Amino acid sequence: MTDRLSAREFLALLTDDFTELPAPARKWTPDGPLGWQGYDAARTRATERTGEDESVVCGTGQVEGARAVLLAFEFGYLGGSLGVRTGDRLEAAYAYARAHRLPVVPLVATGGSRMQEGMLALTQLQRVARQSALTREAGLPQIAVLRDPTTGGGWATLGAGADIVLALPGAQIGFAGSRVRPPDADPGAYTAEAQVAAGAVDAVVRPEELRETLGRWLRLLTGSSTRAAPVPRTPAPGHSAVADTAGPPTADAAPGPPASDGTAPRPDVPAVADGAGEARSPGAPATPGTTARQGLPADAGAAEDAGEARDPAPTPHLPRTGWEAVQRARSPRRPRAERYLDAYFTHRVTVSGDRCGGTDPGMLCGFGEHAGRTVAYAAQTGTATRPAGYRTAARLIRLADRLGIPVLTLVDTPGAANDAEAERQGAGAAIAEVFGAVASARTPVTTLLIGEGGSGGALALAAPGNTWATPDSYFSVIAPKSAAAILKRPPEETEATADQLRIRPQDLVELGVVRAEGPLPS
């Protein structure tokens, strides 16, 4: 890719009202702090070529209605390199963002530190890292957009240090610039697409879609709330109100299990949400001003009126035995996480990658809009969760906590991946990260068990005291077959072991593991 738009041309892609911030004054010695011969002449030529007097342009602008501080690098000015005066401008811009409670959006195109200023240029990375940390502590989001190229210290601070990282297609991204890599290095490893696969970038976004996508991210990440996320209802067949961005689309999960009379899948939440952030028992009246219909989110009434959704059949019976609970949770026909998320959110954006070299398609993470406010989500998809999945979920929960955004977790896994590669990738430490993130979260966390709850790999995502369950679910200290093996029982005693473990949803309510308001369905 060759993105050679100037800084101001790129700003014009995103905002129509950019206002530049004043540049801090600094006394300048001839040929810079090192007296590098010819440096002043090189700077003069760069100014004549670009119209800029430094490698970054800082200011504010509205992006789809959301105001932010924008830091646009001018690659045509000495390769967008960072020098002392670049650091001055970045530091002042971050301070302005904190003073005015604005998110920060670095629009990065840089080759790294400026050679003509030596170590003084390199230490600007420490200044930038400090400003980024202060802005993080202030609870303000940072969303980086990586242009071509983004290498060296600019990638390691302004880029990789942001909360969310978006990149243009084909952009060259890597710590090592093109002139300092090993001669046999694979060039494909230094691309935006490769960084997404490695879990370092959240999404690749085309330039023509960037304004809308960035605006959506800014609106969602600045939408703090003190109320807990409402508990999702089981999605109606075919219901989908979501517009998913910043991530590849995935196919809908298979429909839920049919009723005993062969009718459509049915709602299965012991306690449902009224769309205003509070849980209520089945059959209880909705909060005034909302339209609550069985099996749909309370705010889905308008969609149904438009023919986009239909009321499902009445609530199904609970499983009669522990083994039946296991079979229902493992049924390919029950709703999976994707269906729940589609029904719950009007639109959502995807957080991808653990920032440690991995991704896990079995863990869906991101932010979405539900009933007019932002909710973060981490959802297991029924597979054995990989270490990268747990680290991504922990990253999501910590970010939501810092920004004051409530979290919804959907639990559905037979357990954590237990193969040798998972151990080499740090499975135990990754699970510990999620336990710690949930335990220390100040923002409210709501959990719905929608399928399998296999041991600690499932429990890590569950909110103590605010976990709910569907009748098509179970939660167990370990899978019944494994429990039988641990107890040295023959395989034919697996079903009886499932009963003894008391893993059905109604058992979990009686044990105080999950919540219910009002009587459970009979």
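Below: a short report on this structure. (Residues numbered from 1 in each chain as written. Predicted model: local features only at pLDDT ≥ 70, side-chain atom pairs only at ≥ 80, totals over all residues. Heavy atoms only, no water.)

Here we take up the overall build of the chain. A count of helices and strands for the chain gives 18 helices and 18 strands. With 522 residues in all, the chain has 55% of them scored as buried. Contacts in the chain between residues at least 24 apart in sequence constitute 73% of all its contacts with a sequence separation of at least 6. (Helix = DSSP H or I, 4+ residues; strand = E, 2+ residues; numbered from the N terminus. Buried < 20%, exposed > 50% of the residue type's maximum accessible area, 1.4 Å probe, protein only. Contact = heavy atoms within 4.5 Å.)

Once that is clear, we can look at the nonpolar core. Trp217, Phe367 and Val434 are the most contacted members of the largest nonpolar core, which has 59 residues in total. Sort the elements by how many residues they give to this core and helix α12 (residues 387-403) lands first, with 8 residues. When sequence neighbours within four positions are dropped, the list of residues in contact with valine 434 reads Tyr390, Ala393, Ala394, Ile397, Ala460 and Leu461. Of all hydrophobic cores here, the second largest spans 29 residues; its members include Val69, Ala97, Ala144 and Ile173. (Core = buried A, V, L, I, M, F, W, Y, C linked by side-chain atoms within 4.5 Å.)

A separate point is the side chain of arginine 395. Its location among the elements puts arginine 395 in helix α12. Given the relative accessible area of 12%, arginine 395 is considered buried. Within the structure, the side chain of arginine 395 is placed 3.3 Å from the backbone oxygen of serine 352, a separation counted as a polar contact. (Polar contact = N/O pair within 3.5 Å; in protein donor to acceptor, adjacent residues only side chain to side chain.)

Residues Leu34, Trp36 and Leu120 make up a contiguous nonpolar surface patch of roughly 300 Å² in combined accessible area. For tryptophan 36, the position within the fold is in the loop between β1 (19-20) and α2 (39-50). Tryptophan 36 gets classed as partly exposed once you look at its relative accessible area, which sits at 42%. (Patch = residues over 30% accessible without salt bridge, like charges linked within 9 Å, V, L, I, M, F, W, Y side chains within 5 Å. Areas by Shrake-Rupley, 256 points an atom, 1.4 Å probe, with all protein chains shown as cover. Salt bridge = Lys/Arg side-chain N within 4 Å of Asp/Glu carboxyl O.)

Throughout the structure, instances matching the rule amount to 35 salt bridges. Among the salt bridges present, the one from glutamate 324 reaches arginine 320, with a minimum N-O distance of 3.6 Å. The class of glutamate 324 is buried, set by a relative accessible area of 15%. Here the salt bridges share partners, and the residues they tie into one network are Arg26, Asp88, Glu91 and Arg127.

So, about the side chain of arginine 348. One can find arginine 348 in strand β12 (residues 347-351). With a relative accessible area of 2%, arginine 348 lands in the buried category. Within the structure, arginine 348 has its side chain in polar contact with the side chain of glutamate 338 (distance 2.9 Å). Here tyrosine 377 takes part through its side chain, which lies 3.2 Å from a polar atom of the side chain of arginine 348.

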